[in-house]
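Below are the chains, spelled out letter by letter.
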Amino acid sequence: METNGNPNVAILKQAWNLIWDSSSQYYLPSLLKNGGTIGGDKIEPMQSTTLSDIKNIPIYKSSTWGDVDISLTSLVLSGLPSIQKKSFTPADDASSVTIEVVFQSLDFKGNFEADGKGLTGCAMDEAEANANPQPIPPELAAASSGDNMTLATQYRGNLMSGGGGGPSLVATYYDNNDPMYQITSGTNSFTEAWKNYPTAGQKTSYYMAVTNAAASNPDNNSFTVGDTNYNSHAIYMQTMFYKETINRIPNGISAEEAQDDPFSNLKEAILGFKGHALPQAYQRTVGSVMTTVSNTNPNGASLAEPIEEPDWAREAREAAERDYPKWAAQAAEKEQAKVDQITTYTSTGNFDFTFTSPTITFTGTVTITGTPPNETLTVDVTKLSADIPNIKINLLNGSDPSFTSDVQSELNDADWFQSTLGTQVNNSLGAENVRNQLSTIINKALASLT
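Below you will find a few notes about this structure. Treat the numbers as computed from the prediction; the structure is a model and nothing was measured.

Conventions used here
- Residues numbered from 1 in each chain as written.
- Predicted model: local features only at pLDDT ≥ 70, side-chain atom pairs only at ≥ 80, totals over all residues.
- Heavy atoms only, no water.
- Helix = DSSP H or I, 4+ residues; strand = E, 2+ residues; numbered from the N terminus.
- Buried < 20%, exposed > 50% of the residue type's maximum accessible area, 1.4 Å probe, protein only.
- Pairing = 2+ DSSP bridges.
- Expected span 1.5 Å × (residues − 1).
- Contact = heavy atoms within 4.5 Å.
- Polar contact = N/O pair within 3.5 Å; in protein donor to acceptor, adjacent residues only side chain to side chain.
- Axes fitted to C-alpha atoms, helices over the stretch in contact; angles between N-to-C directions.
- 1 Å grid on protein atoms, 1.4 Å probe; cavity = no way out; pocket = protein on both sides within 12 Å on 5 of 7 lines; lining within 4 Å.
- Points joined across faces, edges and corners; volume = space filled by probe spheres on them.
- Nonpolar A, V, L, I, M, F, W, Y, C, P; charged D, E, K, R; others polar.
- Salt bridge = Lys/Arg side-chain N within 4 Å of Asp/Glu carboxyl O.
- Phe/Tyr/Trp six-rings, centres within 6.5 Å; stacked < 30°, edge-to-face > 60°.

**Some details on the overall build of the protein**
Okay, step 1: Counting secondary structure elements, the protein contains 17 helices and 12 strands.
Okay, step 2: Residues counted as buried form 46% of the 450 residues belonging to the protein.

This is the structure:
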């Protein structure tokens, strides 16, 4: 056994081998399946882990069913005891470890509800529809290919396949689609500003046309996004959207309650996006933007420190904050009773998907206390990375068989949706409870050796 002369490396490898010894009390698959008692401490079984509900994801438009969305609830990922070892690599100084495993058979299941509605269900679609059209310069019109939503759908696929921050960006959008749709589909301060506010004499639809032309020609330096006017308009609208969001958070909400409040979660998503995007706000091609996203760590931006704003961003933000009462009052004057969104078709039932996981990589830090030869090693598994599998769910039954069959056909072709579910499953495998369980069992084995 190669240890590079460091006895702690040898101890870490011995502990790793011990948790894969089926005759030992530290045998990981058995402890995950049945639990156990080690040194008087009870190890709870962990055959499965739960996921947060995924609600109101718009899937497609149908002449029969209207605008169709799907919600997935009571989500469970089971099969954790099928874990199998692949590799274990301690650092030469025993300060960290890299762990590779696979799961022979994981099962993702839960309940679904598919709804066909008479009203648009996608926040981006609604925002696109509500931008007041204005004459577009001929050079932008000539350079554009396809409508805005067609291009958005194309780039959604590019983000999901490009790696880096792309999958997280798309997943975050759909995690927050429902509260965003509530804002973009209503009459409020944001939608009034979205339709009417000009930056340098141009309204939102003009800047959408700039985006379309640049996205249609992603590597052409003649068509770019991110000049000062473009970015100022974006910050103004982002600020107005943020103000409208926080206006919908219940007064006096506790930190615990905020975790389940959609507008509180949307608020944090807006701040997180700004933390990533503002440092990258300069003029360039869409191809350059996509490269930056694919090379970005989705967890890299911190909300702990204030975001440093350039002068143009501060001025745009302050203008939006000053204008908020005006737009809110204008919206209130226009607001009138609207017919509630009516669900015309609904199908409920169960879904399931069983798959073999790709290589899952856990990384952890090692704390060494005491003095040689009486040292104690403790492993803290800190994060997970994995290739994102496509989760192609099977709708096992449905209260409306015809509707269920149609939805299943659309889901089978929706690679972006399958990748979004894959991101959620990977987040579940890397959740704190899973990492803590793995750390606890490794540390029990280490304690028996040191």
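**Concerning the pairing of strand β6 (residues 83-90)**
Okay, step 1: Pairing geometry for β6 and strand β7 (residues 96-103), over 7 bridges, is antiparallel. In the strand pairing of β7, Q84 is matched with V102.
Okay, step 2: Once β6 ends, the chain turns through 5 residues before running back antiparallel as β7, passing A94 with a positive phi of about 60 degrees.

**Some remarks on helix α12 (residues 262-277)**
Okay, step 1: The end-to-end C-alpha separation of α12 is 22 Å, in line with the 22 Å expected for 16 residues at 1.5 Å each.
Okay, step 2: Looking only at α12, the buried set comprises F263, S264, L266, I270, G272, K274 and G275.

**Examining helix α1 (residues 7-18)**
Okay, step 1: An ideal rise of 1.5 Å per residue puts 16 Å on 12 residues; α1 measures up with 17 Å between its terminal C-alpha atoms.
Okay, step 2: Restricting attention to buried positions, one finds in α1 the residues N8, V9, A10, I11, L12, A15, W16 and L18.
Okay, step 3: Along its buried surface, α1 packs onto β6, β7, β10 (360-371), β11 (374-386) and α17 (432-447).
Okay, step 4: Between the side-chain oxygen of the N-cap and the backbone nitrogen of N8 there are 2.9 Å, and the N-cap of α1 in question is N6.

**Describing the environment of S87**
Okay, step 1: Tracing the backbone shows S87 in strand β6.
Okay, step 2: Taking the C-alpha atoms as reference, S87 lies 9.3 Å from T361; in sequence the two are 274 residues apart.
Okay, step 3: Once you skip the residues sitting within four places of it in the chain, S87 turns out to touch W16, T98, I99 and E100.
Okay, step 4: Polar contacts involving the side chain of S87 include one to the side chain of E100, which spans 2.9 Å.

**What about the sheet that holds β11?**
Okay, step 1: Strand order in the open sheet made by the 4 strands is β6-β7-β10-β11, with antiparallel pairing throughout. Strands at the two margins of the open sheet, each flanked by one partner only, are β6 and β11. If you compare each strand with its neighbour and ignore which way they point, the axes differ by 25 degrees on average.
Okay, step 2: Each of β7, β10 and β11 is contacted by α17, which is oriented at about 155 degrees to β11, the strand it contacts most.

**Some points on the environment of L28**
Okay, step 1: Residue position: L28 is located in helix α2 (residues 28-34).
Okay, step 2: Remark: the alpha-carbon pair of L28 and I441, spanning 413 residues in sequence, is separated by 7.1 Å.
Okay, step 3: The contact partners of L28, leaving out residues within four places of it in the chain, are I19, W20, I83, L438 and I441.

**Describing empty space enclosed by the protein**
Okay, step 1: One pass over the structure, following the stated rule, counts 1 cavity of 30 Å³ or more.
Okay, step 2: Put simply, the largest cavity is a space of about 100 Å³.
Okay, step 3: Along the walls of the largest cavity sit L28, L32, M46, L80, I83, F103, F362, V434, Q437 and L438, which together make up its complete lining.
Okay, step 4: Within the residue set of the lining of the largest cavity, elements represented by two or more residues are α2 and α17.
Okay, step 5: Tallying contributions element by element places α17 first for the lining of the largest cavity, with 3 residues.
Okay, step 6: Per-class residue counts for the lining of the largest cavity are 9 nonpolar, 1 polar and no charged.

**What about the pattern of salt bridges?**
Okay, step 1: In the structure shown here, the tally under the stated rule is 10 salt bridges.
Okay, step 2: Among the ionic pairs, K61 bridges to D67, the shortest N-O distance being 2.6 Å.
Okay, step 3: Judged by relative accessible area, D67 falls into the buried class, the value being 15%.
Okay, step 4: One network of salt bridges, in which partners are shared, links K274, E309, R317 and E321.

**Describing the packing of aromatic side chains**
Okay, step 1: Counted by the stated rule, this structure contains 15 aromatic pairs.
Okay, step 2: Here Y206 and Y207 contribute two aromatic rings whose centre-to-centre distance is 5.1 Å and whose plane-to-plane angle is 80 degrees, an arrangement assigned as edge-to-face. Of the two residues examined, Y206 and Y207, each falls in the buried class.
Okay, step 3: With 6.2 Å between their ring centres and 80 degrees between their planes, Y207 and Y230 make a pair best called edge-to-face. With a gap of 23 residues between them, Y207 in helix α9 (residues 204-216) and Y230 in helix α10 (residues 228-247) connect regions that are remote in the sequence. Y230 matches Y207 in its accessibility class, with the two residues each being buried.
Okay, step 4: Here the aromatic residues Y173, Y174, W416 and F417 are joined through ring pairs into a cluster of three or more.

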